[in-house]
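What the coordinates show
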Amino acid sequence: MKLSQKIESALAGVDKDKTFYSYEYFPPKTDSGVENLLERIERMGKTNPFWIDVTWNAGGVTSDITLDLCSHIQHYSGLDVLMHITCTFMTREKVVDSLQKAKKLGIRNLLALRGDPPRGSSGWVHQENGFNYASDLVKFIKQEFGDYFCIGVAGYPEIHLEATSPEDDIRFLKEKVDAGADFIITQLFFDN
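Values in this document were obtained by computation on a predicted structure and should not be read as measured data.

The next point concerns the overall build of the protein chain. Counting secondary structure elements, the protein chain contains six helices and six strands. Judged by the C-alpha coordinates and their principal axes, the protein chain covers about 40 × 40 × 35 Å. Per-residue burial over the protein chain gives 46% buried out of 192 residues. Within the protein chain, contacts between residues at least 6 apart in sequence are counted, and of these 78% link residues at least 24 apart.

Right, let's get into the environment of Ala-112. As for its placement among the helices and strands, Ala-112 is situated in strand S4 (residues 109–113). Between the alpha carbons of Ala-112 and Ser-135 there is a distance of 8.3 Å; along the sequence they are 23 residues apart. Contacts of Ala-112, omitting those with residues within four sequence positions, involve Ile-85, Ala-134, Leu-137, Val-138, Ile-151, Gly-152 and Val-153.

When a strand is regular, its side chains alternate between the sheet's two faces. Counting buried residues in strand S3 (residues 81–86) gives six out of six residues, a clear majority hidden from the surface. Side chains of S3 alternate between two faces, with Val-81, Met-83 and Ile-85 and Leu-82, His-84 and Thr-86 buried alike. Pairing between S3 and S4: four bridges, direction parallel. In the strand pairing of S4, Thr-86 is matched with Leu-113. In this fold, the crossover linking S3 to S4 by way of helix H4 (residues 92–104) has right-handed handedness.

This structure, assessed with the given rule, holds nine aromatic pairs. Arranged with centres 4.1 Å apart and planes meeting at 25°, the rings of Phe-20 and Phe-50 form a pair that is stacked. Within this pair, whereas Phe-20 is found in the loop between helix H1 (3–12) and strand S1 (22–25), its partner Phe-50 is found in the loop between helix H2 (31–45) and strand S2 (51–54), the two being separated by 30 residues in sequence. We classify Phe-20 as partly exposed; its relative accessible area is 31%. Here Phe-50 falls in the buried class, since its relative accessible area comes to 13%. Here the basic side chain of Lys-103 rests over the ring of Tyr-148, its NZ or CZ set 5.0 Å away from the ring centre. Lying over the aromatic face of Tyr-148, Arg-108 brings its terminal NZ or CZ to 4.2 Å of the ring centre.

A separate point is H4. Each full turn of the α-helix corresponds to 3.6 residues, which orients residues three or four apart in the same direction. Taking 1.5 Å as the rise per residue, H4 with 13 residues should run 18 Å; its terminal C-alpha atoms sit 18 Å apart, in good agreement. Residues Val-95, Val-96, Ser-98, Leu-99 and Ala-102 constitute the buried set of H4. All buried residues of H4 fall inside an arc of 165° around its axis, so they share one side. Tucked into the core, H4 has its buried residues touching helix H3 (63–77), S3, S4 and helix H5 (134–145). Just past H4, the residue Gly-106 takes up positive phi, approximately 85°.

Thresholds applied
Residues numbered from 1 in each chain as written. Predicted model: local features only at pLDDT ≥ 70, side-chain atom pairs only at ≥ 80, totals over all residues. Heavy atoms only, no water. Helix = DSSP H or I, 4+ residues; strand = E, 2+ residues; numbered from the N terminus. Buried < 20%, exposed > 50% of the residue type's maximum accessible area, 1.4 Å probe, protein only. Contact = heavy atoms within 4.5 Å. Pairing = 2+ DSSP bridges. Right-handed = clockwise from strand over helix to strand, strands pointing away. Phe/Tyr/Trp six-rings, centres within 6.5 Å; stacked < 30°, edge-to-face > 60°. Lys NZ or Arg CZ within 6 Å of the ring centre and 35° of its normal. Expected span 1.5 Å × (residues − 1). Arc of directions from axis to C-beta.

This is the structure in C-alpha cells:
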C-alpha cells in the first residue's frame, strides 16, 4: 500500500490522534548480518510499526541488499516498507536501474534524499550526470515513473544543519513538495 494512502486513512479514522511510528534499518554487509537483521525485523514487526525504513548506501553500494531486504520484509513479513534512495554518488542511470528493480519487486514507497556528504568529505560532492538536491530526484522519479511510487521527503522542524535560514529551509521543502513529494517525514528519531 502507498504510505500516503495509509497515512490519510489513519488520520481520517477513529484513532486519528494515535501516534504512529516506524523502524529504520541499515543494510548489513554480510550474509549473517542480513539473517540476523531479518530475525530482528520479525520480532520488532510484532509491535505493529506503521512501516519499516531501509536505508540506502552512498552510490547504491549496498543497493542490492536494500532492494532484497525491502522485498523480503514486504512479502514475507507483511509490513509496509519505505526504501530510501539518495543522490550521493548516484547517476541518473543508477537511479533508473534501481527504481526499475524496485518496481519489479513491488516496492512502492520511497524516501528521496540528497544524502549525506561522502565519508571523509567536508561538503556535498556533485555526481556527474546525477542530482544535487532531493527536489531534483523527486522530479526525475515523477517524470520517469509517474505515480507508481509514493515519495516521501525530509522536513526539518529544527532547521537543517546546512540551512542558511529558516526561510530557506521552508523554501527548499516547498521545492520538494512542488516536485511531487507525497508526504514529509519531519522526525526520524523520537529524541535525536
